Protein chains: 2
Amino acid sequence: MPDTAMLLNELRGIVGTDHVLTDAADIHPYTEDWRGRYRGQVHGVAFPANTEQTSALVSACVRASVPVLPQGGHTGLVGGGTPVGTSFADGTAPVIINLRRMNRIRDVDSVGNTLIAEAGCILQTIQEAAAQHDRLYGVTFGAQGSCQIGGNVSTNAGGTGVLKYGSTRDQVLGLEVVLPDGRVWNGLRTLRKDNTGYALRHLFVGAEGTLGIVTAVALRLHPKPAVMAAAWLTMDSVDHAQQCLAALQSIAGDRIAAFELLNQEQLRTVLAHFPEARLPTDPEAPYAVLLELSDTYAQANLDGMLEDVLPQLSEKGWLRDAAIAGSLAQRHAFWHLRHGISEANRKAGMGLSTDVAVPVRDLAAFIETASRAVTARYPQATIVLVSHMGDGNVHFIPRFSFDDWNALPHQAETADAVRALVHDAASQFNGTFSAEHGVGSVLIDELERLRPPLELELMQRLRNAWDPARLFNPGKVLR
Amino acid sequence: MPDTAMLLNELRGIVGTDHVLTDAADIHPYTEDWRGRYRGQVHGVAFPANTEQTSALVSACVRASVPVLPQGGHTGLVGGGTPVGTSFADGTAPVIINLRRMNRIRDVDSVGNTLIAEAGCILQTIQEAAAQHDRLYGVTFGAQGSCQIGGNVSTNAGGTGVLKYGSTRDQVLGLEVVLPDGRVWNGLRTLRKDNTGYALRHLFVGAEGTLGIVTAVALRLHPKPAVMAAAWLTMDSVDHAQQCLAALQSIAGDRIAAFELLNQEQLRTVLAHFPEARLPTDPEAPYAVLLELSDTYAQANLDGMLEDVLPQLSEKGWLRDAAIAGSLAQRHAFWHLRHGISEANRKAGMGLSTDVAVPVRDLAAFIETASRAVTARYPQATIVLVSHMGDGNVHFIPRFSFDDWNALPHQAETADAVRALVHDAASQFNGTFSAEHGVGSVLIDELERLRPPLELELMQRLRNAWDPARLFNPGKVLR
């Protein structure tokens, strides 16, 4: 049993009394996730101002054999950055090290197209800093106003820009990390090419804080698009959407910045919640796609390209209808429908959201298989789905009305069972049960259930090699 | 001391007598590198036909405590795939497992843009298979007609396409690997997004066969460009070339498929060797750049884009002159100059080639620093250089005339000393001593000299975690 008072005093000595929180009310925002689903006991929350303080905090915790929980913007969906069921009694209560004070952008290089930021930088701040230098940071998603880049790196955050720019992993050129023994690895290089041994940085990306605390990140930037175009496409089937995507990729290539598929039920849900919203066209279509193109060349005529291509897709019988955004306001209106999904879904019923991916060519078959599996067992469920289709990533959401849900005797078990059906269907197509959200604590069972034991063994051996005491974010990713 | 005869019989039992070579003349092409610089004793060379055989070969070697040397096309430049100084006497002689019989393309998916190939596939075969499906595999370099994809993955091969498509690492979606204990890890997924624990595949990419044998690879493909354009640009300085690159990136974005910088001495060397070749323009320029653009949109007018942009660069004073290739033949003539470099350099003197990278904005300063350091100590050296400039990668080559070189008393030591000066200059700018060639056996000393001990310790712990007996390609990457 560690001497908590002594440890906390030591932490206060490192970061200052004001930067260690222990009062129940003060620490509540850090010890429970934003949806109120997961919580746990902690010794306190410490806020380091720099890498040296982070290193000293870790060393102090390790000496006291107290677990360390690295925390960023705390916007995750699988409990990776939250204490989940930790307790003083069994020694699992951690010290949370929250990086939000380390929020400096250290460098922007518009010749080499790189940016160096501290882990606590808000994603949106990084996007804005890049834009000020006429460059773009490629990752974008709903939580960008509050999530932090250190958390983005630790979860390999995805979003709607992956199709064009890749996920967070693809942006990471270098890292600075406080290791589980408190030492600092300075791998903050900004090189595009560096073949000098094992790719250490790639291990920390997506490790969800189990191998160390990311304290700074070197990111790649991209040229900022000068022109954009958007279209609202409707289709009869996922297969047709897929044909459209393949044909568009052949012609528009990397100009495709988004290809977001929604099913009719999803659209109806959004429209019900935002009564002022209007569908751009064809409200009865089974599927709709928000397509966005972007280009760096100001003279590029993207609308003209769409006017070239879309009729070809129609002729093939793959398109029902299409509307090209005629103005910036219209483009925003298209995105408003897409961005309204989370809020609308929360109000519409109990949605059991999943985050699967399958090879793009198997998307239609997966959706059919998963829908059949779920509705066979739960006929009261409605299938709502939105897909970053170019990445094969589907948020496949079996939804229960609140009445149906409240009538269920074993809700937690039902939620797990429904999700397992969806994950099984994805596995059948060599897919994944977590495309962009990570494993955290919530999906450990699924990792163990769905991946070969050898894969878990390899991960465990890595974790033991770098964190033999296993004090770093225990209970996350691996048991 | 292992019973070699017994082991070889066991290997023959696995792959068949015809597929284990032991005669000195037969094994010579496998035990000495193509430049005749490195060699070592081996028990034999085995050629498995499939993953199961590879696994059985590894298990047999491990039981006999005999080292395993995975080998692909054997085109490497740092001795990674060659036995270097191994001997029966000290127990370091390995069995070479050469993958060339495993050369099947298992799948091409033109909807999901993926290709699955066995490790022994020749790179060019993969490029051609992609092209047949109207897709492109993004990695291209000199040895593509003989190097194998397994070796490409194990060395994270680069080349001239990295600027647009990334290096081999960026193409690898999944791997199948025979681990150092003979078990097979099937991580052959083709997903764009999969956040389920540590990124195991990234550890094998660039590990140069020290963590296992890659037996199959899932690769990403890209839409095949429909139009291309090339220009030959000349500049007064590296700084001006850099300004041109940054401005071109802002406008042409990902259309830039190559931006290859050559200095005047390099051009003169090529012209001396190919007397029929002509420079497109401005033979007296200190620097020239071969610029290539490509686009998927057949209607895109890339020549028109160049005619838009190049005058802007001239007005800024960054360009001396420019010639746009007016025909396919002219574009090929530009590339002929670029591709003639290796051959011309070999004939022109003793070139001490290096493979460094620095942040792009520091390229000019690096070249000046390195040139000064080398010529101060070796005034007889001429600096020849060619750079994949968009990646910050420079093949910086101090060259001695054959007469000067032969007059040197300690040639090997001089070569090391010259390269160390270049590597030191790169380190000064937070660069790397091996951008694309890897570490192999040749650059281990430099890895130890130039990287923090903590970084080597982390790598050693990884290696021990997965290969505690350290039988896999010992003496490569890490001591």
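Note that the coordinates shown come from a computational prediction; the quantities given were computed from them, not determined experimentally.

**Q** Lay out the environment of B:Glu176 with the relevant residues and their values.
**A** Residue and element names in this part refer to chain B. Tracing the backbone shows glutamate 176 in strand β8 (residues 172-178). We classify glutamate 176 as buried; its relative accessible area is 9%. Sequence separation between glutamate 176 and arginine 189 is 13 residues; the distance between their C-alpha atoms is 9.1 Å. Discounting residues that sit within four places of it in the chain, glutamate 176 has contacts with Thr51, Arg106, Val184, Trp185, Gly187, Leu188, Ile213, Val214, Thr215 and Ala216. Engagement of the side chain of glutamate 176 in a polar contact is seen with the side chain of arginine 106, the distance being 3.5 Å.

**Q** Requested: an account of the interface of chain A and chain B, with residues and values cited.
**A** Taken together, the 89 residues of chain A in the interface contact 90 residues of chain B. With both chains or domains summed, chain A and chain B bury close to 7,400 Å², and 53% of this area falls on carbon and sulfur atoms. Considering only the surface of chain A that becomes buried against chain B, A:Lys193, A:Asn195 and A:Tyr198 emerge as the three largest contributors, covering 14% of it. Taken together, the connections running from chain A to chain B amount to 16 salt bridges. A salt bridge links B:Arg255 to A:Asp295; the nearest nitrogen and oxygen atoms lie 2.6 Å apart.

**Q** Please give an account of the sheet that holds strand β3 (residues 68-71) of chain A that cites residues and values.
**A** All names here are of chain A. Sheet architecture is open: four strands sit in the order β1-β2-β4-β3, paired in mixed fashion. This sheet does not close on itself; its edge strands, each paired only once, are β1 (20-21) and β3. For β3 and strand β4 (residues 95-98), the ladder comprises four bridges, and the chain directions are parallel. By the bridge assignment for β4, proline 70 is matched with isoleucine 97.

**Q** Lay out the domain arrangement of chain A in plain terms, naming residues and giving numbers.
**A** Residues and elements named next belong to chain A. Here the domain parsing of chain A yields domain 1 (4-98), domain 2 (105-223) and domain 3 (227-429). Computed from C-alpha atoms alone, the centre-to-centre distance between domain 2 and domain 3 is 28 Å. Regarding the contact of domain 2 and domain 3, the summed buried area is about 800 Å², with carbon and sulfur atoms giving 58% of it. If you sort the residues of domain 2 by the area they bury against domain 3, Thr160, Leu163 and Lys164 come out on top, with a joint share of 79%. Summed over the shared surface of domain 2 and domain 3, the number is zero salt bridges. For the pair domain 2 and domain 3, the number of links is three residue pairs in polar contact (both at pLDDT 80 or more). For the side of domain 2 that touches domain 3, the element with the highest residue contribution is helix α6 (residues 162-165), accounting for four residues. Classifying every residue of the side of domain 2 that touches domain 3 by side-chain character gives four nonpolar, three polar and one charged.

**Q** An account of the environment of A:Leu179 is requested, with residue identities and associated values reported.
**A** Here A:Leu179 lies in the loop between β8 (172-178) and β9 (184-187). Along the sequence, A:Leu179 and A:Trp466 sit 287 residues apart, while their C-alpha atoms lie 8.0 Å from each other.

**Q** So what about the sheet that holds strand β9 (residues 184-187) of chain B? Which residues, and what values?
**A** Residues and elements named next belong to chain B. Taken in spatial order, the five strands line up as β5-β6-β10-β8-β9 in an open sheet, and their pairing is antiparallel. Strands at the two margins of the open sheet, each flanked by one partner only, are β5 (105-109) and β9. Pairs of neighbouring strands in the sheet enclose a mean axial angle of 15°, with direction left out of account. Summarising the sheet, β8 and strand β10 (residues 213-220) pair through six bridges and their orientation is antiparallel. If you follow valine 177 over to β10, its bridge partner there is valine 214. The sheet contacts of helix α3 (residues 51-63) involve β5, β8, β9 and β10, and relative to β8 the element is tilted by about 50°.

**Q** Would you mind going over the relation of the copies chain A and chain B in detail, with residue names and values included?
**A** Superposition record for chain A on chain B: RMSD 0.0 Å, screw rotation 180°, translation along axis 0.0 Å. Classification of the inter-copy transformation places it as that of a two-fold axis. Of the interface residues in chain A, 100% have counterparts in chain B that sit at the interface too, so the contact is made through matching surfaces.

**Q** Quick rundown of the packing of aromatic side chains? Include the residues and the values.
**A** All names here are of chain A. For the structure shown, the criterion picks out 14 aromatic pairs over all chains. Relative to phenylalanine 47, the ring of tyrosine 30 has its centre 5.3 Å away and its plane inclined at 70°; by these criteria the two rings are edge-to-face. Of this pair, tyrosine 30 sits in helix α2 (residues 24-31) while phenylalanine 47 sits in the loop between β2 (44-46) and α3 (51-63), and the two are 17 residues apart along the sequence. In this pair, the class of tyrosine 30 matches that of phenylalanine 47, namely buried. Taken together, Trp185, Phe204 and Trp466 form an aromatic cluster joined through their ring pairs. Here the guanidinium or amino end of arginine 35 rests over the ring plane of tryptophan 34, the centre of that ring lying 5.6 Å away.

Basis of the calculations
- Along each chain, the written sequence defines residue order, and numbers are assigned to residues from 1.
- By the order in which they are written, chains take letters starting at A while ligands take numbers starting at 1.
- Note on the predicted model: pLDDT of at least 70 is required for a residue's local features to be given, and 80 or more for side-chain atom pairs to be given and counted; whole-chain, interface and lining totals, by contrast, use all residues.
- By convention in this description, side-chain values take in all heavy atoms of the structure and omit both hydrogens and water.
- Secondary structure elements follow DSSP: runs of H or I no shorter than four residues count as helices, runs of E no shorter than two count as strands, and numbering proceeds from the N terminus.
- Exposure categories follow from relative accessible area, calculated using a 1.4 Å probe and restricted to protein chains: below 20% of the type maximum is buried, above 50% is exposed, and the middle band is partly exposed.
- Should any heavy atoms of two residues lie within 4.5 Å, those residues are considered in contact.
- Pairs of N or O atoms within 3.5 Å make up the polar contacts considered here, provided that, within protein, one atom can donate a hydrogen while the other can accept it, and that residues adjacent in sequence are counted only when both atoms are side-chain atoms.
- Joining two parts hides part of their accessible area as seen by a 1.4 Å probe, and the buried area is that hidden amount summed over both.
- Take a side-chain nitrogen of Lys or Arg and a carboxyl oxygen of Asp or Glu: if they are within 4 Å of each other, that pair is a salt bridge.
- Pairing between two strands requires that DSSP report at least two bridges joining them.
- Domain boundaries shown here were taken from an automatic or database domain assignment.
- Residues are grouped as follows: Ala, Val, Leu, Ile, Met, Phe, Trp, Tyr, Cys and Pro are nonpolar; Asp, Glu, Lys and Arg are charged; every other residue, Gly included, is polar.
- Interaxial angle, 0 to 180 degrees, is taken between N-to-C directions of lines fitted to C-alpha atoms, where a helix line uses only the stretch in contact.
- For this overlay, a least-squares fit was computed on C-alpha atoms, restricted to residues scoring pLDDT of at least 70 in both copies.
- We call Phe, Tyr and Trp rings a pair once their centres come within 6.5 Å, taking the six-membered ring for Trp, and we label the pair stacked below 30 degrees between planes, edge-to-face above 60, and tilted otherwise.
- Should the NZ of a Lys or the CZ of an Arg lie within 6 Å of a ring centre and within 35 degrees of the ring normal, that charge is described as sitting over the ring.

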